[in-house]
Amino acid sequence: MRCPSCNSLDTQVKDSRPTEDSSVIRRRRVCVTCNFRFTTFERVQLRELTVIKRNGRRVPFDRDKLMRSVQISLRKRSVDPERVEKMVSAIVRELESGGESEVSSEAIGEIVMEHLRDLDDVAYVRFASVYRNFREAKDFEAVLGELSAEDEAPRLAPVRK
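Residues numbered from 1 in each chain as written. Predicted model: local features only at pLDDT ≥ 70, side-chain atom pairs only at ≥ 80, totals over all residues. Heavy atoms only, no water.

Looking at UniProt, one finds the protein chain named Transcriptional repressor NrdR, with Bradyrhizobium sp. as its source organism. Quoted verbatim from the Function field of UniProt, the annotation for the protein chain is "Negatively regulates transcription of bacterial ribonucleotide reductase nrd genes and operons by binding to NrdR-boxes." Looking at the Sequence similarities heading of the UniProt record, one finds this comment for the protein chain: "Belongs to the NrdR family." (UniProt positions renumbered as here; feature names shortened; annotations may be inferred.)

Here it is in structure tokens:
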């Protein structure tokens, strides 16, 4: 592992431990050259994913980019960071276990919206507004109408006689 301070490749692992859900290994490292201490995280990757962008370009899948976009939609929302991490891990697992090595950005966006809908309604609307490129207020109204209909559906239980 390359040292982020001096770029030396001579680093040592001082401590390794799994995270709470055991999906990631956290490693404390020290650079032998400059004594800089840093942390790395190791997670299982089932396959290399390539994202097919809307313009046809192909780019490697970037978990950190996914995490940043989710965090932007959750900005100033009181959602536990651990729940966000679990959601992003679930999305990545879903993509990797899908059987395809190439996945469209549209498919990723739809999966993220499904998960955000369960996590936080406001974040879902924020993400949808960017992902679906909202241009008018009625675009927001349509998505809010979907959310309202979902919230009311469970309340409409059949009447028993």
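Topologically, Pro-60 is positioned in strand E5 (residues 58-60). Pro-60 gets classed as exposed once you look at its relative accessible area, which sits at 65%. Taking the C-alpha atoms as reference, Pro-60 lies 6.2 Å from Leu-49; in sequence the two are eleven residues apart. (Helix = DSSP H or I, 4+ residues; strand = E, 2+ residues; numbered from the N terminus. Buried < 20%, exposed > 50% of the residue type's maximum accessible area, 1.4 Å probe, protein only.)

Further remarks concern the domain arrangement of the protein chain. What the domain assignment lists for the protein chain is domain 1 (9-41) and domain 2 (48-150). The C-alpha-based centres of domain 1 and domain 2 are spaced at 30 Å. (Domains from an automatic or database assignment.)

Reading across from one edge, E1-E2-E3 is the order of the three strands in this open sheet, with antiparallel pairing throughout. Edge positions in the open sheet fall to strand E1 (11-18) and strand E3 (37-43), since each of these has one partner strand only. Taken over all neighbouring pairs, the strand axes of this sheet differ in orientation by 25° on average, direction set aside. Note that strand E2 (residues 24-31) and E3 share seven bridges and pair antiparallel. (Pairing = 2+ DSSP bridges. Axes fitted to C-alpha atoms, helices over the stretch in contact; angles between N-to-C directions.)

With that settled, consider the pattern of salt bridges. Across all of its chains, the model carries eight salt bridges by this definition. Salt-bridge contacts for Glu-136 lead to Lys-138; the nearest nitrogen and oxygen are separated by 3.4 Å. (Salt bridge = Lys/Arg side-chain N within 4 Å of Asp/Glu carboxyl O.)

A positive phi angle, near 70°, is found at Asn-7, a position not held by glycine. Here Asn-7 falls in the partly exposed class, since its relative accessible area comes to 47%. Positive phi, close to 65°, is recorded for Asn-35, a residue that is not glycine. Assignment of secondary structure puts Asn-35 in the loop between E2 and E3.

Applying the stated criterion across every chain yields a total of zero disulfides. Left unpaired, Cys-31 is separated from the closest cysteine sulfur, that of Cys-6, by 3.6 Å. For Cys-31, a relative accessible area of 0% corresponds to the buried category. (Disulfide = S-S within 2.5 Å.)

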